[in-house]
Amino acid sequence: MAELGIVDIREIIRLIKSLHNYDFSSYALTSFKQRLERVMKLYALGSLESLLRKLQDDAVFFDVFLYEMTVPSTEMFRDPSLWRWLREEFFPQQTDKNAGKFKIWLPLCVSGGELYSLAILLHEIGMADKVQITASCISNKSIDLIRSGTYDAKKIEISEENYKRFNGLRELSSYYKPEKDYMVRNNSLIEYVEFKKLNINFDNAPQNVKLILFRNTLIYYNPALQEKILQVLHGSLSVSGHLILGIREKIPGLSTSRDFEFVNEAESIYRKKY
Amino acid sequence: MNYKAVILGGSAGSFQIVTRILNSLPKNFPLPVLLCLHRLKHVRSGFVEALSLKSNIPVEEPYDKDSLRPGKAYLAPANYHMYVELSNRIALSTEDTVNHSRPSIDLSFITAANAYREKLIGIILSGANKDGALGLKRVHDNGGIAIVQDPNECEVKTMTQSALQLTKVDFVYSTDQIISYLQKLR
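No experiment lies behind these values; they were computed from the predicted model shown. (Residues numbered from 1 in each chain as written. Chains lettered and ligands numbered in written order. Predicted model: local features only at pLDDT ≥ 70, side-chain atom pairs only at ≥ 80, totals over all residues.)

The helix and strand tally for chain B stands at 6 helices and 9 strands. Since a compact globule built from 186 residues should have a radius of gyration of about 16 Å, the 14 Å found for chain B is in line with a globular shape. In terms of its C-alpha atoms, chain B occupies a principal-axis envelope of roughly 35 × 35 × 30 Å. Across the 186 residues that make up chain B, the buried fraction comes to 53%. Here the contacts in chain B between residues at least 6 apart in sequence split such that 72% fall between residues at least 24 apart. (Helix = DSSP H or I, 4+ residues; strand = E, 2+ residues; numbered from the N terminus. Rg over C-alpha atoms; globule rule 2.2 N^0.38 Å. Buried ≥ 20, exposed ≤ 12 C-beta atoms within 10 Å, placed from the backbone. Contact = placed C-beta atoms within 7 Å.)

Here's what the structure looks like:
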């Protein structure tokens, strides 16, 4: 298949914007191009024209396209030390303070790897009934896959290793059952989670959130969009609410920032300052 | 200077070679050095520190969107792909593994070749799978310089031999020759 040039990519972005009002123009170009080429290969679209036509004529395809343009988490319990921190440092401090449930937001769920990891953690420490989790997705396909518990079987082995390093209470395998070429996770774990479909700008973000888990998504944006989305997340957090980013993601200009401060640099954990 | 960056890829048997290269570069080496080396997914720390010990230039694991600067080495972080954006910045990614690898040498080389075209020097070192072969081909196809460590000198030959099968490279060099080639870039 021919490689997409910058002009081709701009044309795709323009078409999506005019048809669906989704603006991908501030996505990081290299990985965006990679995923476009991946979609074309997956759906046997041999040319730019065939992709443009499909985007124009096939509404069902557009949802799948949105799913493919977002990147699923690599595995469950990625960075076990972060999950240990949540279990040992963060959640124990949240128990007696307030009577109401505290809000957790996962702004962009694709495969549910982070959501199920969180749900398992909360289940194991007996705090599932103390939280209110909002999981937002940009595609219906993501919501369907996550709700039904479907998960990529290839990711189970590394997830199990992570879970061991997290020192979970049981075996990770007690939370899923193998199917033909995928896994089904026990979806009663996420029964109480509220799913929300959001656009890529995160308009209508939840408010007064105590914890936002948003790891390894900013990397797919250019610096301007990163800044804009960080503002949205800041607006969504309550004062001293926590934001967790990916290990190699960071908030630019933190030392002079009026918005955020570090809680734990190694795990990329931030707190809203005011 | 005709070049904008050097990129090195390797896995098994490449650590000593990279250490020697970093130890031989002048402090004011005029280009950024990208290092894409296979490593354990779950071990975040230790690698960059080990490479830094004897390096003449600073070695760091970049954060996403860090700008690339001459005289610095950038090591692909554990469990991330490392891309080069057209804006001369690093972009990290958690996309699927390629050849069971994340970081993928192919992806680092291909994106660097797209960003720097003929102004890139790509070097494939000792390693145990074929990752990097496609990437080095792209460096060559885009007019950059393609160098492969002499397989006879490699602890594990698979990576260099795969690269040689796919691309008519510019040079097959011993470690000493790679070093003197890089030292002459002024």
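A:Leu115, A:Ile212, B:Leu35 and B:Ala112 are the most contacted members of the largest nonpolar core, which totals 121 residues. Top element by residues in this core is helix α3 (residues 105-116) of chain B. It accounts for 8 residues. Each of two domains, domain 1 (6-69) and domain 2 (80-272) of chain A, supplies a minimum of three residues to this core. Residues contacting B:Ala112, with those up to four places away along its chain left out, are B:Ala5, B:Ile7, B:Leu34, B:Val84 and B:Leu120. (Core = buried A, V, L, I, M, F, W, Y, C linked by C-beta atoms within 7 Å. Domains from an automatic or database assignment.)

Hydrogen bonds between backbone atoms are what pair the strands of a sheet, whose relative direction is either parallel or antiparallel. All names here are of chain B. The 7 strands are arranged β3-β4-β2-β1-β7-β8-β9 in an open sheet whose pairing can be described as parallel. Since the sheet does not close on itself, it has two edges, and those belong to β3 (59-60) and β9 (171-173), each with one partner. For strand β8 (residues 145-149) and β9, the ladder comprises 3 bridges, and the chain directions are parallel. If you follow Ile147 over to β9, its bridge partner there is Phe171. Where helix α4 (residues 133-141) meets the sheet, its contacts fall on β1 (5-10), β7 (120-124) and β8, and the angle it forms with β7 comes to roughly 150 degrees. (Pairing = 2+ DSSP bridges. Axes fitted to C-alpha atoms, helices over the stretch in contact; angles between N-to-C directions.)

A word on the sheet that holds strand β1 (residues 102-106) of chain A. All names here are of chain A. Spatial strand order, β6-β2-β1-β7-β8-β10-β9: 7 strands in an open sheet with mixed pairing. If you trace the sheet from one side to the other, it starts and ends with β6 (194-197) and β9 (260-264), each paired once. In this sheet, adjacent strand axes meet at a mean angle of 25 degrees when their direction is disregarded. Bridge count for strand β7 (residues 209-213) against strand β8 (residues 237-244) is 4 bridges, and the pairing is parallel. Bridging from a neighbouring strand, Leu213 pairs with Ile244 of β8.

Quick look at the confidence of the model for chain B now. Of all residues in chain B, 100% attain a pLDDT of 70 or more, and the chain-wide mean is 96. Scoring of the predicted complex yields 0.95 for pTM and 0.94 for ipTM. (pLDDT = per-residue confidence, 0-100.)

For the rest of this paragraph, the subject is the interface of chain B and chain A. With 19 residues of chain B at the contact, the number on the chain A side is 18 residues. Examining the composition of the side of chain B that touches chain A, we find that 3 residues originate from one element, strand β6 (residues 90-93) of chain B, more than from any other. Classifying every residue of the side of chain B that touches chain A by side-chain character gives 7 nonpolar, 5 polar and 7 charged. (Nonpolar A, V, L, I, M, F, W, Y, C, P; charged D, E, K, R; others polar.)

All names here are of chain A. Taken domain by domain, chain A comprises domain 1 (6-69) and domain 2 (80-272). Each of domain 1 and domain 2 was reduced to a C-alpha centroid, and the two centroids are 27 Å apart. Of the residues lining the interface, 9 residues belong to domain 1; the matching set on domain 2 comes to 12 residues. The biggest single contributor to the side of domain 1 that touches domain 2 is helix α4 (residues 59-69), with 4 residues. Split by residue class, the side of domain 1 that touches domain 2 holds 6 nonpolar, 2 polar and 1 charged.

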